[in-house]
Amino acid sequence: MKLRHRQRGVAVLTAMLVVTLGTMIAVNLMWISSLDQRRTAAALASEQALLYLQGAEAWVGDILRLDQIESNESDHLGEIWAIEIAPLPVDGGLITGRIEDLQGRFNLNNLITPQGQVDELAKRQFERLLATLQLDPLLAGVVTDWLDADSEASFPTGGEDATYAGMDPPYRAANGFVTSPSELLANAGFDLESYRLLAPYVAALPSGTRLNVNTASDVVLASLSDDIDLSIAAALIEERGGANFPDIAASFEGRVEADMLGRIDGVTQYFQLTGTIVLGTYQLTMYSLLERDPSGLARAIFRSLGVP
Ligand SMILES: [Ca+2]
Ligand SMILES: [Ca+2]
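The structure presented is a predicted model; accordingly, all values stated were derived computationally and were not measured.

Here is what the cut-offs are and how they apply
- Residues numbered from 1 in each chain as written.
- Chains lettered and ligands numbered in written order.
- Predicted model: local features only at pLDDT ≥ 70, side-chain atom pairs only at ≥ 80, totals over all residues.
- Heavy atoms only, no water.
- Donors = N, O, S within 2.8 Å, 3.2 Å for Na, K, Ca; no water.
- Buried < 20%, exposed > 50% of the residue type's maximum accessible area, 1.4 Å probe, protein only.
- Helix = DSSP H or I, 4+ residues; strand = E, 2+ residues; numbered from the N terminus.
- Contact = heavy atoms within 4.5 Å.
- Domains from an automatic or database assignment.
- Salt bridge = Lys/Arg side-chain N within 4 Å of Asp/Glu carboxyl O.
- Nonpolar A, V, L, I, M, F, W, Y, C, P; charged D, E, K, R; others polar.
- Arc of directions from axis to C-beta.

We now examine the coordination of the calcium ion (ligand 1). The protein atoms that coordinate the calcium ion (ligand 1) are Asp 67 (OD), Asp 67 (OD), Ser 71 (O), Ser 71 (OG), Ser 74 (O), Asp 75 (OD), Glu 79 (OE) and Glu 79 (OE), at distances spanning 2.3 to 2.8 Å. Judged by relative accessible area, Ser 71 falls into the buried class, the value being 13%.

Attention shifts here to the coordination of the calcium ion (ligand 2). Taken together, the protein ligands of the calcium ion (ligand 2) are Asp 145 (O), Asp 148 (O), Asp 148 (OD), Asp 150 (O), Glu 160 (OE), Glu 160 (OE) and Asn 175 (OD1), with distances of 2.2 to 2.6 Å. For the calcium ion (ligand 2), the single-chain donor residues occur in sequence as D-x2-D-x1-D-x9-E-x14-N. Of this pair, Asp 150 sits in the loop between helix H3 (139-147) and helix H4 (161-165) while Asn 175 sits in the loop between H4 and helix H5 (192-198); the two residues are 25 residues apart in sequence, bridging distant segments of the chain. Exposure remark for Asp 150: the relative accessible area of 33% places this residue in the partly exposed category.

Mapped onto the elements of the fold, Thr 268 is located in the loop between strand E6 (264-265) and strand E7 (270-279). Apart from residues lying up to four places away in sequence, Thr 268 is in contact with Asp 75, Asp 101, Gln 103, Asn 212 and Arg 292.

What follows deals with the domain arrangement of the protein chain. Each domain of the protein chain was delimited in the assignment, giving domain 1 (2-103 + 269-305) and domain 2 (111-200 + 220-257). The C-alpha-based centres of domain 1 and domain 2 are spaced at 34 Å. On the domain 2 side, the residues contacting the five residues of domain 1 number five residues. The interface formed by domain 1 and domain 2 holds zero salt bridges in total. Tallied by class, the residues present in the side of domain 1 that touches domain 2 amount to two nonpolar, three polar and no charged.

In this model, Phe 155 is joined to Pro 156 through a cis peptide bond whose omega is 0°. Looking at the secondary structure, you find Pro 156 in the loop between H3 and H4. Cis geometry marks the peptide bond from Asp 168 to Pro 169; its omega dihedral reads 0°. If you check the backbone angles, Asn 175 has positive phi at about 50° while not being a glycine.

Turning our eyes to something else, we now look at helix H7 (residues 230-240). Those residues of H7 that sit buried are Ala 233, Leu 236 and Arg 240. Seen end-on, H7 carries its buried residues on one side only, within an arc spanning 55°. Seen from the open side of H7, the exposed residues pointing more than 90 degrees away from its buried face are Ser 231 and Glu 238. In this structure, the buried residues of H7 make contact with helix H6 (218-221) and helix H8 (248-252). Directly beyond the C-terminal end of H7, a positive phi value near 60° is found at Gly 241.

Below, the structure is given as structure tokens:
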């Protein structure tokens, strides 16, 4: 009688254990499958978003090609590419975007010539740009060191391996051209605040580009010469109106050094598309650096997600 009672107790316990184990396995399976579902949905959304943004990029390439065919003699802010793209509804979401002329900014890689030498004229221009923004002009030496091949620090302020070896964690100077202005954040003397101040006025393009004065802002125009302050730059922008300078040489001769005159222009080869897509709860921003050739063909030579 006692034995049978004990056996029944064991049987009940075993049954409870089986039920508990079964429930645990079922819950676990449900959790895994719902995670899988979420993961699949996110992967699908991210792939879909990328495809949509690449579609937008092709569409923008077409806008730039048509502009080249219709008006290859100048590029300015009154042209159709410069107009903010109206939000574009797509299946399940919305795309927004804008095209910017990156040659209206100071090209950081111009600090070094394509042959690898420090370009003193560009360095002085960068010093003026920093000064206009009330940043330390000596940061120009730091950025030049980041780009130049050697490891000899600029005088009086520079930044080479010796500087960065002391950082936590330690790293080394790139000693090569930058692909994104955000690399400045790794440069000694830059913090998020100074970077954010400078970022709208700089670009990372192949070395040797000219500045498009038709699209340059007052801060960038003021970097061209000690004789152009912000108020003269504002007057120059007034002069070009919503379009281009009819005669760039006439507007800038006497205001900038002869060498600098050869570095300004009214046309653009490099544009940046900033495209953002929202698909349900998923959002993605892609930055495309577009290079337009003389025939008008624009292709992406660099793309980045999240950070330009
Ligand atoms: Ca044009
Ligand atoms: Ca260096």
